[in-house]
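Results of the structural survey
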Amino acid sequence: MKKSMGLLSRAVLIGVSAAVLAAPAALATPATGTPETGAEQPQSDVKERIAKYKKRVEQIEADLKDAVKAVDAATSKAEAQKAKAAAEKVKAAADALDKELQAFLDSPDLKEHQDRIAVGQVMHRAHEASKAADAAITKAQKKIDDDQPTPPVPAADIAVEPQSASRGGIVAIVVFCPEGKVSNFASDALNIVAESRFEDGPITAIGAIVKEDAAPGKHTVTASCDSQKLTTSFTVTADAPVQSKPPTSDDVRRKSVVKPKGKIETGGGATALQTV
């Protein structure tokens, strides 16, 4: 019995050896693909998959650029919240892509060295996009938590006080110019008195006398805040002309008290005027 078992074992060994000699390549290369089928993913499919990953990271980077721009431009809590949501969406997409790429690198389908390098480059871009999105989220949150967002610079404006005067009467032209120099006071119905000019921060005022030959009705008054031309109007009344002395800077200062308020009450704009 022992002799017959030995002969059987030897026969099995001889059979296995013959199989190895007949197909050495099959045993030398392990099967790839899914365990169920052993099918290998075609190389063309691998490259197509890498190309799709590249398109995804390009879209993520484009969305990141828009989100960062929105965060930087946000001046209100609502705008900052919207920008933060966009940045969070970008981060989620970048993290999901990074996870997929890591799994792809661990796959036996990825054999060629150049393909592995290409996948690694896409992973780096996804990782950097995630970091940049994180920074944008932090910046947006700071704006959300800020109770006093930075307000925009108010617009330059002009007003005349009082808004109506008889011929020979005195008026003050008041200009709010937050950035720049005020110049070029003019009106067809006014004689501007340069010596009466008064300045206080962004406010510049100057006195003028209504011309004796000015026609009753509305007249235009202009001035410049740097290169910006400002225009308003005032009314010459039909009352009998009066005699007025040329105004001084003190007269102009006393005539109008200027208080920054976001609106010129006499004309609409960046300051409020109160006659005293």
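Residues numbered from 1 in each chain as written. Predicted model: local features only at pLDDT ≥ 70, side-chain atom pairs only at ≥ 80, totals over all residues. Heavy atoms only, no water.

**Quick word on the pattern of salt bridges**
Per the counting criterion, the structure on display carries 11 salt bridges. Of the charged contacts, one joins E48 and K52 as a salt bridge, the two residues approaching to 3.8 Å between their closest N and O atoms. With a gap of 4 residues between them, E48 and K52 both fall in helix α3 (residues 43–73), about one helical turn apart. Relative accessible area serves as the criterion here: at 52%, K52 is assigned to the exposed category. E61 serves as the salt-bridge partner of R125, at 2.8 Å between the closest nitrogen and oxygen. Of this pair, R125 sits in helix α5 (residues 113–145) while E61 is found in helix α3, placing the two residues 64 residues apart along the sequence. With relative accessibility at 29%, the residue E61 sits in the partly exposed group. Overlapping salt bridges, with partners in common, bring together K47, E112 and D115 in one network. (Salt bridge = Lys/Arg side-chain N within 4 Å of Asp/Glu carboxyl O. Helix = DSSP H or I, 4+ residues; strand = E, 2+ residues; numbered from the N terminus. Buried < 20%, exposed > 50% of the residue type's maximum accessible area, 1.4 Å probe, protein only.)

**Here we look at the sheet that holds strand β8 (residues 228–236)**
Ordered by their spatial adjacency, 4 strands build an open sheet running β2-β8-β7-β4, and the pairing between neighbours is mixed. The two strands at the open ends of the sheet, each matched to only one other strand, are β2 (164–165) and β4 (182–187). Pairing geometry for strand β7 (residues 217–225) and β8, over 9 bridges, is antiparallel. Across the sheet, the residue bridging to T222 is T231, located in β8. (Pairing = 2+ DSSP bridges.)

**Let's talk about helix α4 (residues 77–105)**
When the terminal C-alpha atoms of α4 are compared, their 42 Å separation across 29 residues agrees well with the 42 Å that a helix rising 1.5 Å per residue should span. Residues A80, A83, K84, A87, V90, A94, L97, L101, F104 and L105 constitute the buried set of α4. (Expected span 1.5 Å × (residues − 1).)

**Some remarks on the nonpolar core**
Across soluble globular proteins, nonpolar side chains have a tendency to be buried as a group. Ranked by size, the top nonpolar core spans 22 residues in total, and within it V175, L190, V210 and F234 carry the most contacts. Where this core is concerned, the elements lending two or more residues are β1 (157–161), β3 (170–176), β4, β6 (203–210), β7 and β8. Ignoring sequence-local partners within four residues, the contact set of F234 consists of V160, Q163, S187, A189, L190, V210, G217, K218, H219 and V221. (Core = buried A, V, L, I, M, F, W, Y, C linked by side-chain atoms within 4.5 Å. Contact = heavy atoms within 4.5 Å.)

**A word on unusual backbone geometry**
In the segment running from E161 into P162, the intervening peptide bond is cis, with an omega of -5 degrees. Secondary-structure assignment places P162 in the loop between β1 and β2. With a phi close to 60 degrees, N184 is a non-glycine residue in the positive phi region. In this structure, D226 takes a positive phi of about 55 degrees despite not being glycine. Residue placement: D226 occurs in the loop between β7 and β8. A relative accessible area of 47% places D226 in the partly exposed class.

**A few points about the sheet that holds β3**
Strand order in the open sheet formed by 4 strands is β1-β3-β6-β5, and the pairing between neighbours is antiparallel. Each edge of the open sheet is held by one strand with a lone partner, namely β1 and β5 (190–200). Here the average twist between neighbouring strands, direction ignored, is 20 degrees. The sheet contact formed by β3 and β6 spans 7 bridges and is antiparallel. The residue of β6 that forms the bridge with V175 is T204. (Axes fitted to C-alpha atoms, helices over the stretch in contact; angles between N-to-C directions.)

**What to know about the confidence of the model for the chain**
Regions with low pLDDT should not have their predicted coordinates read in detail. On average, residues of the chain carry a pLDDT of 80, and 75% of them reach 70 or more. Contacts for the low-pLDDT stretch residues 258–276, under 50 throughout, to residues beyond four places or in other chains number 59 contacts. (pLDDT = per-residue confidence, 0-100.)

**Some remarks on the state of the cysteines**
For the coordinates displayed, the defined rule picks out 1 disulfide. The residue that forms a disulfide with C177 is C225, at a sulfur-sulfur distance of 2.0 Å. Around the S-S axis, the bridge from C177 to C225 shows a dihedral of about 75 degrees and counts as right-handed. Here the residue C177 occupies a position in the loop between β3 and β4, and C225 occupies one in strand β7, the gap between them amounting to 48 residues. Here C177 falls in the buried class, since its relative accessible area comes to 4%. (Disulfide = S-S within 2.5 Å.)

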